[in-house]
Amino acid sequence: MGTRIAACGFGLFFVLGCCSATRPGGAQSNSRGAEALRSGDYDKARAHFEDALKSRAEDEANQAGLLQVLRETGQYREALKRGIEFLKARENSAKLQLEMGRSFKAAGDLGGAEQHLRRATQLGGPARLDSVRELGFLLEETGRRSEAEGLWQRTVEEYRKGAVGGSQDLGNVAVAAWQLGWAQDAKDIFLDATSGKNVSVEALASFGYLFLEKYNATDALGVFRDCLKTNPRYADALLGIALAKKYENNNEVEANARKALEVNPNLVPAINLMAELRIQEENYEEAIREVRRALAVNPSDLEALSLEAVYHQFRGDQAAFTQAERRVLEIHPSFGRLYFTIAENLANRRKYAEAIEFNRKALNLDPKLWAAWASLGMNLMRVGELSEGRRAVQKAFEGDPYNVWAFNTLDLLDQMDKFVEVRSEHFLLRLAKEDEPVLSVYAPKLAEEVFAKLSQKYGFKPVGPLQVEIFPDHGGFAVRTLGLPGLGALGVCFGKVIALDSPRARKPGSFNWGSTLWHEFAHVITLQMTRHNIPRWFSEGISVYEERRARPGWGDDLNAPFVKAYKEGKVLKVSELNSGMMRPKFPEQVALSYYQASLVCELIEEKFGFAKIRESLLLFAEGLPTVEVFRRSLGWDAATLDAEYARYVDARLREVAPHLDFQRHAEGDESSRTKEALKGVLERNPDDFFANLQLGGILKKEKANGAAEVYLKKAQALFPEYVEPGNPYQVLADIYLEEKRPDEALTQLLGWSRYDENALAPLMRAAEIYRERKDWENEARMLQLSVYIHPYDPAAHTMLGEAAMESRDWATAVAAYKVLVGLNPADLAGAHFNLARAWSESGRKQEAKKETLRALEIAPTFEKAQQLLLKLTGSEP
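Quick caveat, the model's predicted, so the values are computed rather than measured. (Residues numbered from 1 in each chain as written. Predicted model: local features only at pLDDT ≥ 70, side-chain atom pairs only at ≥ 80, totals over all residues. Heavy atoms only, no water.)

Another point: the overall build of the protein. Along its length, the protein carries 47 helices and seven strands. Overall, the C-alpha framework of the protein stretches about 115 × 70 × 55 Å when taken along its three principal axes. A total of 877 residues make up the protein; the buried ones form 58% of that total. For the protein, contacts bridging at least 24 residues in sequence account for 61% of all contacts bridging at least 6. (Helix = DSSP H or I, 4+ residues; strand = E, 2+ residues; numbered from the N terminus. Buried < 20%, exposed > 50% of the residue type's maximum accessible area, 1.4 Å probe, protein only. Contact = heavy atoms within 4.5 Å.)

In structure tokens:
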């Protein structure tokens, strides 16, 4: 299918040297200025150049160096003012004409930029290929691709004739090859340009942007970081790192964009990125402020104008959208990226059908916009159109075989061709063959359960066909979702299509696939019910809220990280929850934001009743902004919602928070965790949760179970939701099981499972206690919950089948034994026989007979199976 761009160990062989456009030489002051410029000390560089110009006012190298400093720090107007003065005496300076062209372009005067760049190209000189590159970019950006291609072709021809050398000029040749679509050639030339001495940071940065275009963030980061070794303040490299971090769920994108803006406050691509981040957070007013800030610097910037169109699209202002659209197409009549940008932002808002429409508009303008073909394919797949989506991604890959996103997606689709399809009343499920014996039994049943319950509760029946795709490895799930591996989520919903990890993709005890499927189906309801207008935080909040109502222990609960965030003042306002989910400032913030969002739903239900949640969804369906929705449904403006929520959280945490001394817990060394030290802590503060828990654990290890029990129960009372390893439930259950106190052990095990959806051990231990009591119904209940954590344990299914048979729950027995057969246990004949028994008791004689015969094929002398067969055939004496 093609070859990815290979990873390169950039840091191993780069010896970085001079900057791009200013080359040392001439007077010593110019040399010092160039050295400071190369290292990113722009203030010192400017001082040196200004000082040199005092004595040699017409020195070309110092003039060009000063203009470069001003341009790289965003002082475009001053650069133009000084450049006009310099050109009065040096009209034939190619270096000055080039710098003027670049500054005019940065300031949005495309006509002025073209005039100076053409003049610089005509004048030639050492920087001629810099001028050709900049003119080529300008022609591309104004819709004159054929003329630009002529420049790129001539540049490459010079290289082929051996007429080009040096890092900067080789970088320009690589750019030309890239623009002609020759990605592998461009990569090879970039490697030549960026190895050896005196490496150009501009060539390095361009190399990084080539990798970015192909969604190869890892290699892009390597190049940009090498660039920063020469110039730690090179704004284009800082911006490149920000862009490479876009697909990581952290705040490094914004942090690096801000670093770039500290160097160059008028770096329009960085401002545009800030606007894009605000759009992703659905903070549209902040987004348009950033867009207007960008356009104030460069009113001709196509990306900023496209983001302005995005804003108007989301606000439903068709007249303003048309005006922004017209401004873009006046500059570049075939600028398909306008519609591609809109499509990408619509997809981020989970509006996949609309994104498809704009992808198609982009391709009508620019059929060779391969990124739009890939985006079209991904969005078609997100709405369940796998075949058509595949064709679009294939088209993208054929046009650009170095697009990692397209390659990964096609590779995944090849794997999905081998998936098994399972149908239920409302769902089509796609499963890996290795998952089919287990999940084909349990997943459709759970899917139909959640469909029935939530459809009735919300008074809304989702439009199908509904598809569920379950991936046996997390990398495949991540590619299905984003086109790239590395996604940290467990599941995703596109409206009609749900994708999630298979339980085999995660370590047992770390993932509950049942609660994940329930969570994602809640998104089906909220996305479709609101026409995909629901804010991300509210949709996630409702999904977690519904998880908690599905099964004991499912969904996020109060935990220690949340209490810590509360004590440190890091609990977000409602208006900040999207940011917490998408750009977390600390590792736990994503999960905490989901939990916080669910608390908003709890607040609404407690204060107004569930009907107000449903009413809010119907208002979102009308396309109303969030503030207006809650003003109408709750009578609260944004400030009131934030204030009410803060009071709600305070009421939940004001009692428990003082008991958790995180500072003492984190700062103490081993001496502070001895029995004597912990007793001292508790003398001063008997309600220290961690001290009670730790002391109880020490006493348990010392076999002082009676004393340990006192402290562990105290810890449990102080913070009952704590279920991390070594939690009070776990240790107390161990004590009670050792001491043959099954009733008390069972209480602890059930308490543990009530707060931890991933805890397998308490369910299995509780099942054993119920089994000893012959409490078959409760044993089966525990084992059924365990199946959503680890469904591949033959012993658990054997126990579940037996418990279900004893409690006359034939359907559960049939399911358990069907799965057991699929797991190919050691006693396969016995599994078929037990499945036959379950079918027989269900009144399904034919199925029972088939399973009995299968048992006898494996074990012809199996007496119980022989007797059952006689009974089923009516031949029993």
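So, about the environment of Gly751. Along the chain, Gly751 turns up in helix α40 (residues 742-755). Judged by its relative accessible area of 1%, Gly751 is buried. A C-alpha to C-alpha distance of 9.4 Å links Gly751 and Val723, two positions 28 residues apart in sequence.

Let us now look at the nonpolar core. Looking at soluble globular proteins, one finds that nonpolar side chains tend to be buried together. With 149 residues, the main nonpolar core has Tyr234 and Ile342 as its most contacted residues. Core analysis: the second largest hydrophobic core is formed by 125 residues, Trp513, Ile613, Tyr645 and Ala780 among them. (Core = buried A, V, L, I, M, F, W, Y, C linked by side-chain atoms within 4.5 Å.)

The interhelical angle for the contact between helix α8 (residues 128-141) and helix α9 (residues 145-160), taken along N-to-C directions, is 155°, at an axis separation of 8 Å. For the element pair α8 / α9, the angle class is roughly antiparallel. Pair α8 / α9 crosses with left-handed handedness. In contact with Arg128, Leu129, Val132, Arg133, Leu135, Gly136, Phe137, Leu139 and Glu140 of α8, α9 contributes Arg145, Glu147, Ala148, Leu151, Trp152, Thr155 and Glu158. Across the contact of α8 with α9, the residue classes tally to eight nonpolar, two polar and six charged. (Axes fitted to C-alpha atoms, helices over the stretch in contact; angles between N-to-C directions. Parallel < 35°, antiparallel > 145°, perpendicular 65-115°, else oblique. Left-handed = near helix turned anticlockwise from the far one by under 90°. Nonpolar A, V, L, I, M, F, W, Y, C, P; charged D, E, K, R; others polar.)

Before going further, it helps to examine empty space enclosed by the protein. Applying the stated criterion across every chain, the model contains two cavities of 30 Å³ or more. Roughly 40 Å³ of internal volume is contained in the second largest cavity. Lining of the second largest cavity is provided by Phe562, Ala565, Lys570, Val571, Leu572, Phe586, Gln589, Leu592, Ser593 and Gln596. When residues of the lining of the second largest cavity are traced back to their parent elements, those giving at least two are α29 (560-567) and α31 (589-608). No other element matches the four residues that α31 contributes to the lining of the second largest cavity. Within the lining of the second largest cavity, the residues separate by chemical class into six nonpolar, three polar and one charged. (1 Å grid on protein atoms, 1.4 Å probe; cavity = no way out; pocket = protein on both sides within 12 Å on 5 of 7 lines; lining within 4 Å. Points joined across faces, edges and corners; volume = space filled by probe spheres on them.)

This part takes up the packing of aromatic side chains. Throughout the structure, instances matching the rule amount to 32 aromatic pairs. Consider the rings of Phe451 and Phe521, whose centres lie 5.8 Å apart with planes at 50°: the pair is tilted. Taken together, the positions of Phe451 in helix α25 (residues 436-458) and Phe521 in helix α27 (residues 513-529) put the pair 70 residues apart, joining distant regions of the chain. Accessibility expressed as a relative area gives 5% for Phe451, which makes it buried. When its relative accessible area of 1% is taken as the criterion, Phe521 is described as buried. A connected cluster of aromatic rings, assembled from ring pairs, spans Phe662, Phe689, Phe690, Phe719 and Tyr722. The ring of Trp373 has Lys395 lying over it, and the distance from NZ or CZ to the ring centre is 5.6 Å. A cation over a ring is seen here: Lys570 above Phe586, with NZ or CZ 4.9 Å from the ring centre. (Phe/Tyr/Trp six-rings, centres within 6.5 Å; stacked < 30°, edge-to-face > 60°. Lys NZ or Arg CZ within 6 Å of the ring centre and 35° of its normal.)

A few words on the packing of helix α14 (residues 235-244) against helix α16 (residues 268-280). As a packed pair, α14 and α16 sit with axes 10 Å apart at the nearest point and diverge in direction by 25°. Regarding the angle of α14 to α16, the classification is roughly parallel. α14 and α16 meet at a crossing whose hand is left-handed. Side by side, α14 and α16 meet where Leu239, Ala242 and Leu243 of the first sit next to Pro269, Ala270 and Leu273 of the second. Here the residues of the contact of α14 with α16 are counted per class, giving six nonpolar, no polar and no charged.

Moving on, we get to the pairing of strand β4 (residues 427-431). Across the five residues of β4, five count as buried, placing the element largely inside the fold. Side-chain alternation along β4 places Phe427, Leu429 and Leu431 on one buried face and Leu428 and Arg430 on a second face that is also buried. Relative to β4, strand β3 (residues 420-423) is paired through four bridges, and the arrangement is antiparallel. Bridge pairing in β4 links Val422 to Leu429. A loop of three residues connects β3 with β4, the two strands running antiparallel in sequence. The sheet contact formed by β4 and strand β5 (residues 466-471) spans five bridges and is parallel. Looking at β5, one finds that Phe427 is bridged to Leu466. Crossover connection from β4 via α25 to parallel β5: handedness left-handed. (Pairing = 2+ DSSP bridges. Right-handed = clockwise from strand over helix to strand, strands pointing away.)

Attention now moves to the layout of surface pockets. If you add up the space inside the second largest pocket, you get close to 930 Å³. Taken together, 36 residues make up the lining of the second largest pocket; nearest its centre are Glu282, Tyr284, Arg315, Pro625 and Thr626. Taken together, the elements giving at least two residues each to the lining of the second largest pocket come down to α17 (284-297), α18 (302-315), α30 (577-582), α33 (626-633) and α34 (638-653). Among the elements that line the lining of the second largest pocket, the one with the most residues is α17, at four residues.

Reading across from one edge, β3-β4-β5-β7-β6 is the order of the five strands in this open sheet, with mixed pairing throughout. The sheet is open, and its two edges are formed by β3 and β6 (491-493), each paired on a single side. Adjacent strand axes in the sheet meet at a mean angle of 15° when their direction is disregarded. The pairing of β5 with strand β7 (residues 497-501) spans five bridges and is parallel. Residue pairing in the sheet places Ile470 in a bridge with Leu500 of β7.

We now examine the pattern of salt bridges. Here the structure, examined in full by the defined rule, presents 72 salt bridges. We note a salt bridge from Lys564 to Glu568, for which the minimum N-O separation is 2.8 Å. The exposure class assigned to Lys564 is partly exposed, which follows from its relative accessible area of 34%. Among the salt bridges present, the one from Arg773 reaches Asp743, with a minimum N-O distance of 2.1 Å. Separated by 30 residues along the polypeptide, Arg773 in the loop between α41 (761-772) and α42 (776-787) and Asp743 in helix α40 bring together distant segments of the chain. A network of salt bridges, in which partner residues are shared, links Arg102, Asp130, Arg133, Glu134 and Glu202. (Salt bridge = Lys/Arg side-chain N within 4 Å of Asp/Glu carboxyl O.)

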